[in-house]
Amino acid sequence: QVQIVESGGGLVQPGGSLRLSCAASGLIFFNIYAMDWYRQAPGKERELVAGIDNDGSTNYGDSVKGRFTASRDNAKNTIYLQMNSLKPEDTAVYFCNIPRGGPYWGQGIQVTVSS
C-alpha cells in the first residue's frame, strides 16, 4: 500500500522560507517515479506547483519560478520543496502527488504566509 506523508509546513512571515518534505512508502523502486507538488488555496482550484522527474529534472508553475526548488533523495524515498521569498498568496494546503500507478496523494499540509 502506497502512503505519502507531507511535513514541514507552518506559519511564516512574508519573505521567509520553508522546506516541505514528502516521504513515500510502499513503492518498490522509488527512484523510477516522477512526483509533483500541488497546492490549493481556499476557494481556488488545485494547481501544480512543481514537478520532479525520476532523473531529477524539474518544472515549475509560473507563480513560483525562481523562488521554489524541488529536489529528491532517493535513498530516503523523499522529495522536497524549498520555498523562498514566500508571499501571502503562497498560502495554501500543499499536496504531494505520485501520478504513476495511482494517482497517489498525501493528506496535505498547511502553509500560511502572514505577518
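An account of the accompanying structure is given in this report. Note that the structure is a prediction, hence the values are computed from the model and not measured.

### Focus: the overall build of the protein
Phase 1: On a plain count of helices and strands, the protein comes out with zero helices and eleven strands.
Phase 2: The C-alpha atoms of the protein give 13 Å as radius of gyration, which agrees with the globular expectation for 115 residues (13 Å, within 12%).
Phase 3: Its C-alpha atoms give the protein principal-axis dimensions of about 45 × 25 × 20 Å.
Phase 4: Put simply, the protein has 115 residues, and 40% of those count as buried.
Phase 5: At a minimum sequence separation of 6, the contacts of the protein that also span at least 24 residues come to 51%.
Phase 6: As displayed, the protein has an accessible area near 6000 Å², and 47% of this comes from carbon and sulfur atoms.
Phase 7: The distance from the centre of the 10 positive side-chain charges to the centre of the 10 negative ones in the protein is 3 Å.

### Digging into the pairing of strand E1 (residues 3–7)
Phase 1: By the alternation rule, side chains of E1 split into Ile4 and Glu6, which are all buried, and Gln3, Val5 and Ser7, of which none is buried.
Phase 2: Bridge count between E1 and strand E3 (residues 18–25): five bridges; the pairing is antiparallel. Across the sheet, residue glutamate 6 finds its bridge partner in E3, namely cysteine 22.

### Brief notes about the side chain of threonine 78
Phase 1: Here threonine 78 is to be found in strand E8 (residues 78–83).
Phase 2: Side-chain polar atoms of threonine 78 contact the backbone oxygen of lysine 76, separated by 2.7 Å.

### Remarks on the packing of aromatic side chains
Phase 1: According to the stated counting rule, one finds two aromatic pairs in the structure shown.
Phase 2: Following the ring pairs from residue to residue traces out a cluster consisting of Tyr38, Phe95 and Trp105.
Phase 3: When the ring centre of tryptophan 105 is taken as reference, the NZ or CZ atom of arginine 46 above it lies at 4.6 Å.
Phase 4: Taking the ring centre of tyrosine 33 as reference, the NZ or CZ of arginine 100 above it sits at 5.6 Å.

### Some thoughts on the nonpolar core
Phase 1: Met35, Leu81, Met83 and Tyr94 are the most contacted members of the largest nonpolar core, which totals 30 residues.
Phase 2: Elements represented by at least two residues in this core include exactly E3, strand E4 (35–40), strand E5 (47–52), strand E7 (68–73), E8, strand E9 (92–98) and strand E11 (109–113).
Phase 3: In this structure leucine 81 touches Leu18, Arg19, Leu20, Trp37, Val49, Ala50, Phe68, Thr69, Ala70 and Tyr94, once residues within four positions along its chain are discounted.

### Describing the sheet that holds E1
Phase 1: Judged by pairing direction, the sheet is antiparallel, and its four strands sit side by side in the order E1-E3-E8-E7 without closing on themselves. Of all strands in the sheet, those bounded by a partner on one side alone are E1 and E7. Direction aside, the axes of adjacent strands within the sheet are offset by 15 degrees on average.

### A look at the environment of tyrosine 80
Phase 1: By the secondary structure assignment, tyrosine 80 is in strand E8.
Phase 2: Overall, tyrosine 80 belongs to the buried group, its relative accessible area being 11%.
Phase 3: Along the chain, tyrosine 80 and asparagine 59 lie 21 residues apart, while their C-alpha atoms are 14 Å from each other.
Phase 4: Setting aside chain neighbours within four positions, we find tyrosine 80 in contact with Arg19, Leu20, Ser21, Trp37, Thr69, Ala70, Ser71 and Asp73.

Parameters at a glance
Counting from 1, residues in each chain are numbered in the order their sequence is written. Totals for whole chains, interfaces and linings use all residues, but because this is a predicted model, local features are given only for residues with pLDDT of at least 70 and pairs of side-chain atoms are given and counted only at 80 or more. Computation of side-chain values covers all heavy atoms of the structure but excludes hydrogens and water. Starting at the N terminus, helices and strands are each numbered in turn, a helix being any DSSP run of H or I of at least four residues and a strand any DSSP run of E of at least two. Only C-alpha atoms enter the radius of gyration; for comparison, a globular chain is expected to reach 2.2 Å times N to the power 0.38, where N is the number of residues. The rule is simple: take the accessible area with a 1.4 Å probe, protein chains only, and divide by the maximum for that residue type; under 20% is buried, over 50% is exposed, in between is partly exposed. Any two residues whose heavy atoms approach within 4.5 Å are treated as being in contact. Note on areas: Shrake-Rupley, 1.4 Å probe, and residue coverage restricted to the protein chains presented here. Working convention for charge: Lys and Arg count positive, Asp and Glu count negative, and His plus the chain ends are omitted. Positions of charges follow a simple convention, taking NZ of Lys, CZ of Arg, CG of Asp or CD of Glu. Being paired, for any two strands, means DSSP has found at least two bridges between them. Each polar contact in these results corresponds to two N or O atoms within 3.5 Å; when the atoms are within protein, one needs to be able to donate a hydrogen and the other to accept it, and residues that are neighboring in sequence are counted only if both atoms are side-chain atoms. Pairing of aromatic rings covers Phe, Tyr and Trp, the last through its six-membered ring, and needs centres within 6.5 Å; plane angles under 30 degrees mean stacked, over 60 mean edge-to-face, and all others mean tilted. Charge over a ring is defined by NZ of Lys or CZ of Arg lying within 6 Å of the ring centre and within 35 degrees of the ring normal. To form a nonpolar core, buried Ala, Val, Leu, Ile, Met, Phe, Trp, Tyr and Cys residues must be joined to one another through side-chain atoms within 4.5 Å. Axis lines are fitted through C-alpha atoms, for helices just across the contact stretch, and the angle between N-to-C directions can take any value from 0 to 180 degrees.

Everything listed is a geometric property; what it means functionally is a separate question.
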